[in-house]
Amino acid sequence: MPRSNLTDVRPSGEVFYSMKMQHKLMKFAKQKAWKALGVFALCVLCVFSAAVAWSQTTQQFTGTVVDSTGAVIQEAQVVVHNQATGVDTKTVTTSSGAYTVTYLIPGTYDVTVSKEGFATAKKTDIFLHTDQASTIDFQLGVGAASQVVTVNASAAQIETSKSDIGEIIDNKRIQQMPLDARNPFGLFALSPGTHDFSNSQYPRPFDNVTGNQIVNGSTQPSQTNIDGIGNDASDVGRTAYTPSADVVQEYKIVLNAYDASYGHSGGSAVDVSLKSGTNKFHGSADEFMRRTWLDTVDFQSNYNGNKKAQHKRDQYGFEVDGPVLIPHLYNGSNKLFFLASYERMRDILPNPSYNTYSVPNPAWVTGDFSTATYWNSTTQSLQPLTIYDPLTPLHTVVDPNDGLTKQAHDAFPGNRIPSGRIDPVAANVLSFLSYVKPNANPGSSFAPWTNNYQVLQVENDLWQNAVVKVDFNASQANTFSFRWGTQGRTANDFWNTCVPFSDPANSNGIGTQPKTHTGSAQWTHVFSPNLLLNVGTSVVVYTNEAVEGTIFPYNMVAKLGFGAGFYDQIQNKNRFLNISSNGLPNSANFVDFGPNWLGFSGDRHALDFLPTLTYIKGPHTIRTGVNVNFSQWMNPIGGNADNFNFSSNFTNEFGGGTANNSEAPGYSSGMSIASLLLGYPNNGGANWTVYQFWSQHYFAPWVQDDWKLTKKLTLNLGLRWDFTTPGMERHNKMNGAFNPRVL
């Protein structure tokens, strides 16, 4: 007889049986303990790790099962069948006859209910939309379980178990309605209660469309979620990843996000559902194009007699999905599915209006203003323009134009600035006028050498977008979903004077605006029909950077001729200074040099965990979870450019600071180009940009109870606590550029 530590030793057979049962119980207890410990550890990890999404949307079926007398039926078997994937999700009714099947993907389903002693009931062709809780009630008649009563339930379902309202932008509208640049969020304004303030010229996927879309008059943009996980790159509404129209199944604009799982937003949300693979292979390929000859002339160009802007766009891509199938090795039907998509856009987008500048007479650049004229708006005629020497003593004169006594300088002899007075820095700067050639005739009412240069700013953009999604139904108890996406815009833009990149004084822009790598994973585990766990996690690496003007590998400011006393005090020695000159009266400014700002940056890194536990008890469906967020954002480049501005103030006739020293109406003297030649700026600025690196945590526990009081009345009760820690600057730069060691 085997030895036992049992105190009550019985016949050998009973002892062996007791020991065997004890071993099974201990093994079962250990399994449950390890599982509970794993869930607890995962929740703790979610609380103390980094994260970034604000809500978790779900799709579910709910309902009540009764008999022919209206009495509830407990422990009835409920099977929800996805027609496209063949996946069955099972549960049983509670003591109140209620059932809930959650964490489903949008699609078409059949719902079957069976119970011994009752005929089986089946409702088919029920479409479950994004973020929908569809109520499907059953009444079972007496009969054999093998007897099946089938009802087609394809009609639209009235949502009676949730208090939020919203508009579904379905796949048919996404695919068939006009959609400029194939941005699915371009249909946002189809929903009532919304307003789209985005610029119609910039509807492309990389333009900040969502940051300008609001709901119910709120100035804070809606939060955006993809497959239940947050997708915001910042609090200004810009999406981290914009999916291609080919992979979007549908999206819902939630006008009043009452559910406690929503937070950290302006009270509304946009819930996007991507397509998932099915048991059949599907695919598509497309090419969308824009050409100038297909465009009409805009009103402003037509009014000014300008030609149509040369706009050219090619946007093409493909999408394929289905079961993972490896011939002779693996068949993923009903279990493992994939989706893959790629999109590419080449866009040459001109500005709708021309930039107009004045290119000065080459003689002026040498100091010869002997033939300079200006347009007198009072006499409506050309008049000689005289350049005055600011270093000559002031003397009293009577202005013949208005009869006032004023203080005046003397003119340069022959209206020429001596070569010895020309500032060498100015001569170096003006030498870059060689890259600009007059190309326009301003016509009458303009002085010669004014408004003679017109250009269209042009964006040259390359956009690429790719996504891969895998759904794995490992078992009845475990399902997984993985998604990886990347997108990026490479910009080479011609700004301001639109000179070539080879011009060191250019102000053109280059950069990634934006570029995103994002990944997400979701795991759903069924402990029992009334206890489920869903854990979502995502990571976002978002880069949004642009540089204007050339960054030189040497001290460009010194090369222009500035001394160390100046360039040792500025931050950006390797950039061309922004030098601008005001135009003549009633004329455009002269061509400027260098970028008027250095670009921008707004990078963001984020990691997110969203555990949610669902417990179904009687008429209660209780969900509880926590959103934990750790995000970082930084601005490693950009800022305002160091600059000098020149006007006619230093070379005009009158000075001295008295009230009478302004020029008479219509009369003009001096020129900004002359002031530049002398090296006398009207104003300037040296900017110092503090590049910061911020970190911040976000913690939001919540609980939601959907309490079905009757078949026609459901109470949605929720509680949420949003807590955001103060932002912390990693390098202690929050105090700006203050240096305590200066004194």
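Residues numbered from 1 in each chain as written. Predicted model: local features only at pLDDT ≥ 70, side-chain atom pairs only at ≥ 80, totals over all residues. Heavy atoms only, no water.

Trainee: Looking at this structure, how should I read the environment of Asp 259?
Mentor: Here Asp 259 is to be found in the loop between β15 (248-254) and β16 (269-274). For Asp 259, a relative accessible area of 12% gives the class buried. For the pair formed by Asp 259 and Thr 689, sequence separation is 430 residues and the distance between their alpha carbons is 42 Å. Beyond its immediate chain neighbours, meaning those up to four positions away, Asp 259 contacts Arg 623 and Gln 704. Only 2.9 Å separates the side chain of Asp 259 from the backbone nitrogen of Ser 261, close enough to count as a polar contact. (Helix = DSSP H or I, 4+ residues; strand = E, 2+ residues; numbered from the N terminus. Buried < 20%, exposed > 50% of the residue type's maximum accessible area, 1.4 Å probe, protein only. Contact = heavy atoms within 4.5 Å. Polar contact = N/O pair within 3.5 Å; in protein donor to acceptor, adjacent residues only side chain to side chain.)

Trainee: So what exactly am I meant to see when it comes to the pairing of strand β26 (residues 405-408) here?
Mentor: Two faces make up the sheet, and in a regular strand the side chains alternate between them. Here β26 shows a clear split, with Lys 406 and Ala 408 buried on one side and none of Thr 405 and Gln 407 buried on the other. Where strand β25 (residues 395-398) meets β26, 4 bridges bridge the pair, whose relative direction is antiparallel. Residue Val 398 lies in a different strand from β26, and its bridge partner there is Thr 405. Linking β25 to β26, which pair antiparallel, is a turn of 6 residues; within it Gly 403 sits at a positive phi near 75°. (Pairing = 2+ DSSP bridges.)

Trainee: I tried to follow the sheet that holds strand β38 (residues 683-685) on my own but got confused; where do I start?
Mentor: Across a sheet, strands are paired by hydrogen bonds formed along the backbone, either parallel or antiparallel in direction. Reading across the sheet, the 4 strands line up as β33-β32-β37-β38 and stay open at both edges, with mixed pairing between neighbours. A single partner strand is all that each edge strand has here, and the edge strands are β33 (590-593) and β38. Across this sheet, the average inter-strand angle for adjacent strands is 10°, counted without regard to direction. The pairing of strand β37 (residues 643-646) with β38 spans 3 bridges and is antiparallel. By the bridge assignment, Phe 644 is partnered in β38 with Gly 684. (Axes fitted to C-alpha atoms, helices over the stretch in contact; angles between N-to-C directions.)

Trainee: For this particular structure, what's the right way to read unusual backbone geometry?
Mentor: Most peptide bonds take the trans form, and the phi angle of most residues other than glycine is negative. Following Gln 513, the chain continues to Pro 514 via a peptide bond in cis, the omega torsion being 0°. When you line up the elements, Pro 514 lands in strand β30 (residues 509-528). Phi is positive for Asn 586, close to 60°, though the residue is something other than glycine. Residue placement: Asn 586 occurs in the loop between β32 (578-581) and β33. Unlike most non-glycine residues, Asn 732 shows phi in positive territory, near 60°. The topology assignment puts Asn 732 in the segment after β42 (728-729). Using a relative accessible area of 61% as the deciding quantity, one classes Asn 732 as exposed.

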